[in-house]
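Each chain, written out:
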Amino acid sequence: MSSFPALLHTMPLPEDLGRALCVITGASKGFGRAVAQAVAGLVTPGSVLVLAARSGDELRALQAELDQPGPGRAGQAGVRTEVVVADVTRTEGLERIVQTSKEAFSESIEHIILVNNAGSLGDVSRYTKSFTDMAEVDSYLSLNVSSSLCLTARVLEAFPPNPGRRCTVINVSSLCALQPFPSWVLYCTGKAAREMMFKVLAEEEPDVRVLNYSPGPLDTAMQVEARSNTADPNIKKSFSDMFAKGQLLTCEESCAKLMKLLLEDTYTSGAHIDIYDL
Ligand SMILES: NC(=O)c1ccc[n+]([C@@H]2O[C@H](COP(=O)([O-])OP(=O)(O)OC[C@H]3O[C@@H](n4cnc5c(N)ncnc54)[C@H](OP(=O)(O)O)[C@@H]3O)[C@@H](O)[C@H]2O)c1
């Protein structure tokens, strides 16, 4: 007789994420933009995507692209997009994201999806012993840790988890949540703290599916910063080499793996899953 996990592997993958309200931070460029494009093609009619970042022009350009009818496009599938120009380090930014999400919500929504993607690398041109300024560190942690905790809490408060409606919270994590990189003290500290926060959430909320997804080295603005500004020569060289050898991943290929994880929905809630584990 086949075991349950073996049966799971033979079962066809669900084709969509359902009628979803999907909030994505940092949707203006890079990985967040790719996530918005991918999710738009995987949700069913009546879904809404809430796209948040500070760059209004980029968000509106993405909205116009997604609203165009076409295969896998929101326009064709009866999916709406809402743009929220917001700085997630500001309380009013979080309030606007949640208010827009509440206005977009209807009782027919089957799945709440929150993608905590917005983030920054921080100053990687210096070593730990130079970070004497508490305001600088606080400001980094505000974007990279506090904003994702408070936004997640606000979304869960607005749409209380219950067994009748799916709720998925994704943290865009990194290898740096697990491994120390010299001269990346802010980034590694932020990613480690943020990941633990989502692990605690997974323990507390059985009705919420929580995923810490580590997308791999992506060809984005953050990578340019990494290979240009890193103080540690070995880390700097490894990023420059990856770029020179064409080893960076596109946001689209990493995002495709994330979508597969979400469709399969078999990961352990709170797990750290790296693209290279898949
Ligand atoms: N690139 C990589 O190799 C890599 C590897 C592992 C993990 N990651 C993680 O993947 C995520 C996305 O990275 P990425 O490479 O796509 O970075 P990116 O190209 O620098 O994009 C960062 C996104 O965050 C948004 N953002 C930054 N500060 C914000 C603020 N205060 N309020 C609202 N939005 C803000 C930016 O939008 P605005 O500037 O318009 O606000 C932008 O959309 C990050 O969490 C990163 O740590 C990246």
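Residues numbered from 1 in each chain as written. Predicted model: local features only at pLDDT ≥ 70, side-chain atom pairs only at ≥ 80, totals over all residues. Heavy atoms only, no water.

The name given to the chain in an unreviewed UniProt entry is Sepiapterin reductase, with Menidia menidia as the source organism. A UniProt comment under Subunit (unreviewed entry) is attached to the chain, and it reads "Homodimer." The record in UniProt for the chain states the following under Sequence similarities (unreviewed entry): "Belongs to the sepiapterin reductase family." (UniProt positions renumbered as here; feature names shortened; annotations may be inferred.)

Section: the pattern of salt bridges
According to the stated counting rule, one finds eleven salt bridges in the structure shown. Residue Glu65 pairs with Arg33 through a salt bridge whose shortest N-O separation is 3.3 Å. Of this pair, Glu65 sits in helix α3 (residues 56-67) while Arg33 sits in helix α2 (residues 30-40); the two residues are 32 residues apart in sequence, bridging distant segments of the chain. By relative accessible area, Glu65 is classed as partly exposed at 24%. Given a relative accessible area of 22%, Arg33 falls into the partly exposed group. Note that Glu264 and Lys260 form a salt bridge whose closest N and O atoms lie 2.9 Å from each other. One end of the pair, Glu264, and the other, Lys260, are both in helix α10 (residues 251-264), four residues apart, so they sit about a helical turn from each other. Lys260 sits in the partly exposed class, given a relative accessible area of 44%. Three or more residues joined by partner-sharing salt bridges are found here, namely Asp123, Arg126 and Glu136. (Salt bridge = Lys/Arg side-chain N within 4 Å of Asp/Glu carboxyl O. Helix = DSSP H or I, 4+ residues; strand = E, 2+ residues; numbered from the N terminus. Buried < 20%, exposed > 50% of the residue type's maximum accessible area, 1.4 Å probe, protein only.)

Some details on the site of the ligand
Neighbouring the ligand are 28 residues, the closest being Arg54, Ser55, Asn117, Tyr187 and Thr220. One of the backbone N or O atoms of Gly26 is found 3.0 Å from an oxygen atom in the ligand. The backbone of Leu218 places a nitrogen or oxygen atom 2.8 Å from an oxygen atom of the ligand. Against a free-state accessible area of 880 Å², the protein chains account for coverage of 93% of the ligand. (Near = heavy atom within 4 Å. Polar contact = N/O pair within 3.5 Å; in protein donor to acceptor, adjacent residues only side chain to side chain. Areas by Shrake-Rupley, 256 points an atom, 1.4 Å probe, with all protein chains shown as cover.)

Let's talk about the pairing of strand β5 (residues 166-172)
The element β5 is largely enclosed, with a buried count of six among its seven residues. In the sheet, strand β4 (residues 111-116) pairs with β5 via six bridges, with the strands oriented parallel. Bridge pairing links Asn116 to Asn171 in β5. In this view, the connection linking β4 to its parallel neighbour β5 by way of helix α6 (residues 134-158) has right-handed handedness. The sheet contact formed by β5 and strand β6 (residues 209-214) spans five bridges and is parallel. In the sheet register, Asn171 faces β6, and the bridge partner there is Asn212. With respect to chirality, the unit in which β5 leads through helix α7 (residues 185-204) into the neighbouring parallel β6 is right-handed. (Pairing = 2+ DSSP bridges. Right-handed = clockwise from strand over helix to strand, strands pointing away.)

Things to note about the environment of Gly119
For Gly119, the location among the structural elements is in the loop between β4 and α6. Looking at Gly119, the relative accessible area reads 32%, which means it is partly exposed. With near-sequence residues (within four places) excluded, Gly119 lies in contact with Leu143, Asn144 and Met222. (Contact = heavy atoms within 4.5 Å.)

What to know about unusual backbone geometry
Positive phi outside glycine occurs at Ser183, with the angle close to 75°. Structurally, Ser183 is set in the loop between β5 and α7. Phi is positive for Asp265, which is not a glycine, with a value near 55°. The residue Asp265 is located in the loop between α10 and β7 (271-274) in this model. The exposure class assigned to Asp265 is partly exposed, which follows from its relative accessible area of 26%.

Focus on α7
Along its 20 residues, α7 runs 29 Å from first to last C-alpha, staying within 8% of the 28 Å computed at 1.5 Å per residue. Of the surrounding elements, those touching the buried residues of α7 are β4, α6, β5, β6, α8 (221-229) and β7. (Expected span 1.5 Å × (residues − 1).)

So, the packing of helix α5 (residues 91-104) against α6
A packed helix pair is summarised by two numbers, namely the angle formed by the two axes and the spacing between the axes. Closest axis-to-axis distance for the α5/α6 pair is 10 Å, and the angle between their directions is 30°. Judged by the inter-axis angle, α5 sits roughly parallel to α6. Here the hand of the crossing between α5 and α6 comes out right-handed. Touching Thr91, Leu94, Glu95, Ile97, Val98 and Lys102 of α5 are Ser147, Cys150, Leu151, Arg154, Val155 and Ala158, all from α6. (Axes fitted to C-alpha atoms, helices over the stretch in contact; angles between N-to-C directions. Parallel < 35°, antiparallel > 145°, perpendicular 65-115°, else oblique. Left-handed = near helix turned anticlockwise from the far one by under 90°.)

Points about the sheet that holds strand β3 (residues 80-85)
Spatial ordering of the open sheet is given by β3-β2-β1-β4-β5-β6-β7, a layout of seven strands whose pairing is parallel. Each end of this open sheet is capped by a strand with a single partner; those strands are β3 and β7. Here the average twist between neighbouring strands, direction ignored, is 20°. Summarising the sheet, strand β1 (residues 20-25) and strand β2 (residues 48-53) pair through five bridges and their orientation is parallel. Counterpart to Cys22 in the pairing with β2 is Leu49. Sheet strands in contact with α3 are β2 and β3, and its direction is about 180° off that of β3.

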